Amino acid sequence: MAAVSKTQPQTAPAPPPRAARLTIDPGAVVRNWQALTRMTRAECGAVVKANAYGLGIEVVAPALWRAGCGTFFVALAAEGHELRAVLPEATIYIMNGVFEDVPEALAARLIPFISSLEALAEWPDAPYCLNVDTTKNRLGLTVPEAMALDASPHLIASHFASADTPSHPQNAIQEAAFTAVRAHFADAPASFANSAAVLTRPQSHYDLTRPGIALYGGVAAQGVPPLEPTVRLEARVIQVREAEAGQTVGYGAAETLTRPSRIAIASVGYADGYLRAAGGADNAPGAPVYVNGVMTRLLGRVSMDLVAVDVTDARCVRGDYIELIGTNVPLQSVAQKAGTIGYEVLTGLSRRAARYTGTL
């Protein structure tokens, strides 16, 4: 057998197809940001932590930058460095602050949220955001600690605990506390409003808003419809089977069929971030699924790699794609069925699905 030349070009095999696909619409994220921008006289930033809520920071952030968004918020310094590589000129805040990586943060022009006196002592003479806890008891200096400082922060900030419930009395308590802090740091711009507050509390917009979930089409506040959906999760049908009334579906025999049924088995599961709690059981219908123009639902439990879908009343054959989240199946409907929030559903979507950018 002749030896293969070391200089002979080799053709890499095509990657195998993936059974689940996630379509991400950066244009929809931009339109949501533009809608939020129109609601305020303040600068409208963008929270792109957790890989832009699961959509992909390398996809979402440049689209927002091109649309005019100049200020971004992430949780971790590592996320800040990733974002800096994508957006060399953007203003980037690190909401969880920094530790021993101060030199690297300075070199990358990352601006930390300073949330304690210890962190303030460790940070050199460079821009920072003074983060004040206004009764949430999460990150931040207490109001008395902040009021005792003689400092010149680049920005002062706090975070609502209950803005998603507009009538909650804690909102006014936090606003009153932050008003006192603003008066103490009269020369510093202020940032308080998250998505819910942008939508419902114009008095808290101040100088810079920080929308997150609303950018991605999730419900931000009770009674306020979400903006445009930004993702579509679909799964490939790998088998369609017949089953009789009285038979059960899936692990634990959780759901018993009440009629002769056609069942589509689709290649997606909780390993793809589609939550196990979205499944169905007797007297507890599973999450909605859209199949070729028909709204139907899951049958039985979600397993690691598979779901079962009732397609008795829908046209469906092996190879079809079904929609589990998207324009026809709202993110919030899946979250509600799973007993959680849209944030968890979005940020949990794994990289196992093939990812595409496009319009929904």
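Residues numbered from 1 in each chain as written. Predicted model: local features only at pLDDT ≥ 70, side-chain atom pairs only at ≥ 80, totals over all residues. Heavy atoms only, no water.

A.B. asks: Looking at this model, I keep getting lost on the overall build of the protein chain. Mind explaining?
C.D. replies: Check the secondary structure of the protein chain and you find 11 helices and 19 strands. Taken along the three principal axes of its C-alpha coordinates, the protein chain extends 75 × 70 × 35 Å. Relative to its full complement of 360 residues, the protein chain shows a buried share of 50%. Taking all contacts inside the protein chain whose residues are at least 6 apart in sequence as the whole, residues at least 24 apart take part in 64%. Of the roughly 16800 Å² of accessible surface on the protein chain, a fraction of 54% belongs to carbon and sulfur atoms. In the protein chain, 29 side chains carry a positive charge and 32 a negative one; their mean positions are 9 Å apart. (Helix = DSSP H or I, 4+ residues; strand = E, 2+ residues; numbered from the N terminus. Buried < 20%, exposed > 50% of the residue type's maximum accessible area, 1.4 Å probe, protein only. Contact = heavy atoms within 4.5 Å. Areas by Shrake-Rupley, 256 points an atom, 1.4 Å probe, with all protein chains shown as cover. Lys, Arg positive; Asp, Glu negative; His and termini not counted. Charge placed at Lys NZ, Arg CZ, Asp CG, Glu CD.)

A.B. asks: Sorry, what's going on with the packing of helix α1 (residues 26-38) against helix α3 (residues 57-67) here?
C.D. replies: A packed helix pair is summarised by two numbers, namely the angle formed by the two axes and the spacing between the axes. At a minimum axis separation of 9 Å, α1 and α3 run at an interaxial angle of 45°. As summarised for this structure, α1 and α3 are arranged oblique, according to the angle between their axes. Between α1 and α3 lies a crossing whose hand is right-handed. In contact with Pro26, Val29, Val30, Trp33 and Gln34 of α1, α3 contributes Val59, Val60, Ala63, Leu64 and Ala67. When the residues that make up the contact of α1 with α3 are grouped by side-chain class, the tally is nine nonpolar, one polar and no charged. (Axes fitted to C-alpha atoms, helices over the stretch in contact; angles between N-to-C directions. Parallel < 35°, antiparallel > 145°, perpendicular 65-115°, else oblique. Left-handed = near helix turned anticlockwise from the far one by under 90°. Nonpolar A, V, L, I, M, F, W, Y, C, P; charged D, E, K, R; others polar.)

A.B. asks: Quick question: what am I supposed to make of the packing of aromatic side chains here?
C.D. replies: A full pass over the atoms with the stated rule returns nine aromatic pairs. The interplanar angle of 50° and the centroid separation of 5.5 Å between the aromatic rings of Phe178 and Tyr206 together place this pair among those described as tilted. Note that Phe178 is positioned in helix α8 (residues 169-184) and Tyr206 in the loop between α9 (195-200) and β10 (208-209), a separation of 28 residues in sequence. Accessibility expressed as a relative area gives 0% for Phe178, which makes it buried. (Phe/Tyr/Trp six-rings, centres within 6.5 Å; stacked < 30°, edge-to-face > 60°.)

A.B. asks: Help me understand the pattern of salt bridges in this model?
C.D. replies: Think of it this way: side chains of opposite charge can pair up when their charged atoms draw near. Scanning the entire structure with this criterion turns up 11 salt bridges. Residue Asp305 is joined to Arg352 by a salt bridge in which the shortest nitrogen-to-oxygen separation is 3.0 Å. Pair noted here: Asp305 is in the loop between β16 (294-299) and β17 (307-310) and Arg352 is in the loop between α11 (342-348) and β19 (354-357), with a separation of 47 residues, a long-range link. Given the relative accessible area of 41%, Arg352 is considered partly exposed. Salt bridges sharing common partners tie together Arg21, Arg232 and Glu234. (Salt bridge = Lys/Arg side-chain N within 4 Å of Asp/Glu carboxyl O.)

A.B. asks: Help me out: how do you make sense of the nonpolar core in this one?
C.D. replies: Generally speaking, a soluble globular protein has its nonpolar side chains buried in company with each other. One finds Val48, Leu64, Phe72, Tyr216 and Tyr274 to be the most contacted residues of the largest nonpolar core, which totals 104 residues. With six residues, α3 is the single largest residue contributor to this core. Here Val48 is in contact with Ile57, Val60, Leu64, Phe72, Phe73, Val74, Leu83 and Tyr216, once residues within four sequence places are set aside. Residues Val249, Leu257, Leu299 and Ala308 belong to the second largest nonpolar core, which totals seven residues. (Core = buried A, V, L, I, M, F, W, Y, C linked by side-chain atoms within 4.5 Å.)

A.B. asks: Where do I start with the pairing of strand β1 (residues 20-24) in this structure?
C.D. replies: Consecutive side chains of a regular strand alternate in pointing toward one face of the sheet and then the other. When you tally the buried positions in β1, you get four out of five residues, the bulk of the element. Both β1 and strand β11 (residues 231-243) contribute to a ladder of five bridges, which runs antiparallel. Bridge pairing in β11 places Leu22 opposite Leu233. In this sheet, β19 lies alongside β1 in parallel orientation, the contact comprising four bridges. Bridge assignment links Arg21 to a residue of β19, and that residue is Ala354. (Pairing = 2+ DSSP bridges.)

A.B. asks: In this structure, what is going on with unusual backbone geometry? I would like to understand it.
C.D. replies: Trans peptide bonds make up most of the peptide bonds, and negative phi angles are found at most residues other than glycine. A positive phi angle is found at Asn51, which is not glycine, with a value near 60°. Mapped onto the elements, Asn51 comes out in helix α2 (residues 49-53). Backbone geometry places Ala253, a non-glycine residue, at a positive phi of 45°. One can find Ala253 in the loop between β12 (248-249) and β13 (255-256). Judged by relative accessible area, Ala253 falls into the partly exposed class, the value being 37%.

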